[in-house]
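Here is how the chains run, residue by residue.
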Amino acid sequence: MSRDPARALGAAWARARSPLLLALPVVLGAGAVAAGLGVWRIERANARIAAIESGHDLPVSADAPKPLLLARILQLARRGAIEEAEGLIDALADEGEPGLVARARYGLANARLRRAFAHIERGELDPAGPLINLARQDYRRALQLRPGFWDAKFNLDVASRLIRDFPEFDREIGDELKAEPKKIWTDIPGQPRGAP
Amino acid sequence: MRRTLCLIACLIAAPAAAQVRAVEVRTPRPFGYFLGDLVQATVEIDVDPGFVLQAASLPSPGPVAYWLDLRAVERETAGTRQRLRLTYQTFYAAIDARSLEVPGFPLVLASDDRHGSTTATVQVPAWSLGLSPLREVQPPRRADPADYLRPDGSGPRLRSEPMRTVSLALAALALAALGLLARDRAWWPFRARPSRAFAGPARRLAVLARGPQTDETYRAGLTALHRGLDAAAGQRLLADDLAAFLARHTAYRGQQDGLDSFFAASRLAFFGGATGDARAQLPLAEVAATARRLAAAERAA
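No experiment lies behind these values; they were computed from the predicted model shown.

**Student:** Is there a simple way to explain unusual backbone geometry in this structure?
**Tutor:** In most cases, non-glycine residues show a negative phi, while peptide bonds are predominantly trans. All names here are of chain B. A cis amide bond links Trp188 with the next residue in sequence, Pro189, at an omega value of 0°. Secondary-structure assignment places Pro189 in the loop between α2 (161–185) and α3 (199–210). Notably, Ala186 is not glycine yet its phi reads approximately 55°, a positive angle. Counting through the fold element by element, Ala186 comes out in the loop between α2 and α3. In this structure Ala186 comes out as buried when scored by relative accessible area, which is 1%.

Below, the structure is given as structure tokens:
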């Protein structure tokens, strides 16, 4: 009696063995081809990164592999196309790879600072101020993502010597709503206040 | 400054003093930090038994001062000792080495018992942090101000090695599985496998059934299946031996009808001299189908 389930199982295995053996190489082969396709895609992205780094102007879509996106952002930052690079950083920051995002922010901050230097050299101090502050924010974000990023520390130091922080002013910064609760309520119209 | 920062707050508030014995802030070193560095600080609070830190009173990560961020707060309890591990990040761009004060903050300790809950407030003292400059006060003069900056650098490349390994491993496994399949189906190089007597005849019949139909090919097809049956039985198998063969090889019992009509057609073709009638009775395609089923039954045996 106890042999019957074992025998049934054995018979089922014997029946299933041949179709399984037919499916196995197909499935494994498909997996190998898919992985090979992945390798090809990676190699192609690496080739494009190399092309971008050697100065070719290749547009990159937002869903491209992250290192390719970073290479494009750095290229745009080198050329001073800050606005275009900013748009791509959001796509890069969507998925958490802090090292890459830190490098992109650093590149962008460098571009801003170089633009600010150009303004200062022409004697235009007004447009330079906001650029320096934005650059400092980007360096700070890069350091928040990667505290051991020494180049970002160095350049943040350079930018911070152009515009110092003033603690007294800083405390005023912030968009907290400083309204008294009473005042808010009186602004609401049509309070019946118990009248019929 | 002292070598290790160790500030013990004398607690004046009378009710709290009864429950909190000591507050201490420790750092691995209170000096020598550059901008962007992480600063670890441990707050240790010795309390009466039963008191624990209230989670809502813990400082929340975020900016503490214009030059300082609080990044992480971890809480530990070791007996009557409540420990807070704080991770700060300083962004102070120092020109000369200087000490800045890290602000203190209040904490609430609570103890719940049968009579209700008792709370005690404790003030974590401010402590000072020594910050160092990263560059000289006056760097050497450069013609282009952009030369003061460190270069942009470049990002990493994608790594293809892991995916390549996976691909090669899968390809090797697929090849091995193909070998197993070839052995199971008696394909090349396992053609001569004795336990696959019907695989060869089934293949031959499939080829013949697809080709032009003549008496010659029909008889060749029948002969192929006869040779397969002979190999499976281990002897020359005639129509009369079929019952005994099926009794010995139970796997082929389901094919009895097909084998019966095969032997009938074979008798007609080889001994009745009426190959045409045999072909009408049992076309070669059906013989091929019988052989295929026999091969499948053989694989499942």
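**Student:** What exactly am I supposed to notice about the environment of Arg204(B) here?
**Tutor:** Among the secondary structure elements, Arg204(B) is positioned in helix α3. Residues Arg204(B) and Ala220(B), spaced 16 residues apart in sequence, show a C-alpha to C-alpha distance of 9.3 Å.

**Student:** Can you walk me through the pairing of strand β4 (residues 62–65) of chain B in this structure?
**Tutor:** Residues in a regular strand project their side chains so that they alternate between the two faces of the sheet. All names here are of chain B. Bridge count for β4 against strand β5 (residues 68–78) is three bridges, and the pairing is antiparallel. Within β5, the residue paired with Gly62 across the bridge is Leu70. The loop that links β4 with its antiparallel partner β5 comprises two residues.

**Student:** What am I meant to see in the pattern of salt bridges here?
**Tutor:** Side chains carrying opposite charge are able to pair once their charged atoms draw close together. This structure, assessed with the given rule, holds 32 salt bridges over all chains. Of the charged contacts, one joins Asp157(A) and Arg161(A) as a salt bridge, the two residues approaching to 3.3 Å between their closest N and O atoms. Taken as a pair, Asp157(A) and Arg161(A) lie in helix α6 (residues 150–162) at a separation of four residues, close to a single helical turn. Within this structure, Glu24(B), Arg26(B), Glu44(B), Asp46(B), Glu76(B), Arg81(B), Arg83(B) and Arg85(B) form a network of salt bridges that share partners.

**Student:** Could you clarify how one ought to interpret the interface of chain A and chain B in this entry?
**Tutor:** By convention, interface size is frequently given as the accessible area that disappears when the constituent parts associate. Counting residues at the interface gives 56 residues for chain A, matched by 54 residues for chain B. Carbon and sulfur atoms supply 61% of the area buried between chain A and chain B, which totals about 4,900 Å² over both sides. Its largest share of buried area at the contact with chain B, chain A owes to Arg140(A), Phe154(A) and Arg161(A), together 12% of the area lost on that side. For the pair chain A and chain B, the interface holds seven salt bridges. As a salt-bridge pair, Arg135(B) and Asp157(A) come within 2.8 Å of each other at their nearest N and O atoms. Run the count over chain A and chain B and you get 27 residue pairs in polar contact (both at pLDDT 80 or more). Of all elements in the fold, only α1 (3–53), α2 (66–79), α4 (98–121), α5 (125–145), α6 and α7 (167–170) of chain A reach the threshold of two or more residues within the side of chain A that touches chain B. When residues of the side of chain A that touches chain B are assigned to their parent elements, the largest contribution, 23 residues, is made by α1(A). Its residues placed into classes, the side of chain A that touches chain B shows 29 nonpolar, eleven polar and 16 charged.

**Student:** Sorry, what's going on with the packing of α5(A) against α6(A) here?
**Tutor:** Between two packed helices, what matters for the description is the angle formed by their axes and the separation of those axes. Residues and elements named next belong to chain A. The contact between α5 and α6 brings their axes to 9 Å, and the two run at 150°. Classed by the angle they form, the pair α5 and α6 counts as roughly antiparallel. When the axes of α5 and α6 are compared, the crossing they make is left-handed. In this structure, α5 uses Ile132, Arg136, Tyr139 and Leu143 to contact α6, whose residues at the interface are Ala152, Lys153, Asn155, Leu156, Ala159, Ser160 and Leu162. In the contact of α5 with α6, the residues fall into seven nonpolar, two polar and two charged.

**Student:** How do you make sense of the packing of aromatic side chains when you look at a structure like this?
**Tutor:** Residue and element names in this part refer to chain B. The full count for this structure, using the stated rule, is eight aromatic pairs over all chains. Taken together, a centroid distance of 5.3 Å and an interplanar angle of 75° make the contact between Phe198 and Tyr252 edge-to-face. On the criterion of sequence distance, the pair formed by Phe198 in the loop between α2 and α3 and Tyr252 in the loop between α5 (242–248) and α6 (256–271) is long-range, its members being 54 residues apart. Of the two residues, Phe198 and Tyr252, both sit in the buried class.

**Student:** Before we go on, may I ask you to explain the pairing of strand β6 (residues 81–90) of chain B in this structure?
**Tutor:** Residue and element names in this part refer to chain B. Burial of β6 is extensive: eight of the ten residues sit out of reach of the surface. Both strand β2 (residues 38–47) and β6 contribute to a ladder of nine bridges, which runs antiparallel. By the bridge assignment, Val39 is partnered in β6 with Tyr88. Pairing between β5 and β6: ten bridges, direction antiparallel. Considered in β6, the bridge of Ala72 is made with Thr87.

**Student:** Before we go on, may I ask you to explain the sheet that holds β5(B) in this structure?
**Tutor:** If you walk across this open sheet you meet the five strands as β1-β2-β6-β5-β4 (chain B), and the pairing is antiparallel. The open sheet is flanked by β1 (20–26) and β4 of chain B, the only strands paired with a single partner. When the angles between neighbouring strand axes are averaged without regard to direction, this sheet yields 30°. Strands in contact with α5(A) are β4, β5 and β6 of chain B; relative to β5(B), the strand with the most contacts, it is inclined by about 25°.

Thresholds applied
Each residue is numbered by its place in its chain's sequence as written, counting from 1. Chains carry letters and ligands carry numbers; both start at the beginning, A for chains and 1 for ligands, and go up in the order they are written. Residues qualify for local features only when their pLDDT is at least 70, as the model is predicted, and side-chain atom pairs are given and counted only at 80 or more; totals for whole chains, interfaces and linings, by contrast, use all residues. In computing side-chain properties, one takes all heavy atoms of the structure into account and sets aside hydrogens as well as water. A run of H or I in DSSP becomes a helix once it reaches four residues, and a run of E becomes a strand once it reaches two; helices and strands are each numbered from the N terminus. Only protein chains enter the calculation, and the probe is 1.4 Å; a residue is then buried if its accessible area is under 20% of its type maximum, exposed if over 50%, and partly exposed in between. For two strands to be treated as a pair, DSSP must find at least two bridges joining them. What counts as a salt bridge is simple: a side-chain nitrogen of Lys or Arg found within 4 Å of a carboxyl oxygen of Asp or Glu. Any two residues whose heavy atoms approach within 4.5 Å are treated as being in contact. Each of two parts loses accessible area, computed with a 1.4 Å probe, when they are put together; buried area is these two losses added. Distance and chemistry together define a polar contact, namely a pair of N or O atoms within 3.5 Å, with one atom able to donate a hydrogen and the other to accept it when in protein, and with adjacent residues in sequence counting only for side-chain atoms on both sides. Each residue receives one of three labels: charged for Asp, Glu, Lys and Arg, nonpolar for Ala, Val, Leu, Ile, Met, Phe, Trp, Tyr, Cys and Pro, and polar for the others, Gly being one of them. Note on method: axes are straight lines fitted to C-alpha atoms, helices fitted across the in-contact stretch only, with angles between N-to-C directions ranging 0 to 180 degrees. Orientation is classified from the angle alone, with under 35 degrees giving roughly parallel, over 145 giving roughly antiparallel, 65 to 115 giving roughly perpendicular, and any other angle giving oblique. By definition, any crossing whose near helix is turned counterclockwise from its far helix by less than a right angle is left-handed, and any crossing with a clockwise turn is right-handed. Pairing of aromatic rings covers Phe, Tyr and Trp, the last counted by its six-membered ring, and requires centre-to-centre distances within 6.5 Å; plane angles under 30 degrees mean stacked, over 60 mean edge-to-face, and any other angle means tilted.

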